[in-house]
Amino acid sequence: QVHLVESGGGLVQAGGSLRLSCAASGRTNSTNAMGWFRQAPGKARAFVAAITRIMSTTYYTDSVRGRFTISRDNPWRTVYLQMNSLRPEDTAVYFCAAKAPNGMGFRVPGAYGYWGQGTQVTVSS
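Below is a summary of the structure that appears in this document. What you are looking at is a predicted structure, and each value in this text was computed from that prediction instead of being measured.

1. Considering the overall build of the protein
Okay, so step 1: Within the protein, the regular secondary structure consists of zero helices and eleven strands.
Okay, so step 2: When the helices and strands of the protein are read in sequence order from the N terminus, they spell out β-β-β-β-β-β-β-β-β-β-β.
Okay, so step 3: Radius of gyration (C-alpha) of the protein: 13 Å, near the 14 Å computed for a compact globule of 125 residues.
Okay, so step 4: With respect to the three principal axes, the spread of C-alpha positions in the protein is 40 × 25 × 25 Å.
Okay, so step 5: The burial tally for the protein puts 43% of its 125 residues in the buried class.

This is the structure in structure tokens:
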């Protein structure tokens with residue numbers, strides 16, 4: 001089992017920055033990637049970014065590339081999402097997720113077996 005806890009959400013003005021953290025515990029070495037997803041009211045949960053455990057390869061959705069940066073610590077216990085130049089459309093609940101090796105893509109929510117409780121990010125215009 002892997003337990004994930006997000007922190008760092010809040011209210012920020014457009015153009016501002018926030019840094020989200022995801023603290024992982026349990027059998028984290030059984031996972032091969034961690035990702036961030038977000039869900040706005042009335043919308044489906046959507047991929048934001050992911051990072052792999054072995055090579056630290058990163059993946060981003062197009063709308064955040066160049067503004068958001070995903071990173072991790074070496075023990076694979078914490079994953080971060082640095083969010084700059086925030087826009088009102090970035091407002092959502094942000095979820096951290098961990099994925100075991102299963103042959104599924106990094107951008108697919110169903111590929112991730114472990115999820116945090118989410119943290120609210122609100123960007124005011």
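2. Focus on the state of the cysteines
Okay, so step 1: Within the structure shown, the criterion is met by one disulfide.
Okay, so step 2: Put simply, Cys22 and Cys96 are joined by a disulfide, and their sulfur atoms are 2.0 Å apart. Judged by the sign of its S-S torsion, about -75°, the cystine formed by Cys22 and Cys96 is left-handed. A residue pair is termed long-range when its members are at least 10 positions apart, and Cys22 in strand S3 (residues 18-26) and Cys96 in strand S9 (residues 92-99) qualify at 74 residues. As far as burial versus exposure is concerned, Cys22 and Cys96 are alike and both buried.

About the cut-offs
Residues numbered from 1 in each chain as written. Predicted model: local features only at pLDDT ≥ 70, side-chain atom pairs only at ≥ 80, totals over all residues. Heavy atoms only, no water. Helix = DSSP H or I, 4+ residues; strand = E, 2+ residues; numbered from the N terminus. Rg over C-alpha atoms; globule rule 2.2 N^0.38 Å. Buried < 20%, exposed > 50% of the residue type's maximum accessible area, 1.4 Å probe, protein only. Disulfide = S-S within 2.5 Å.

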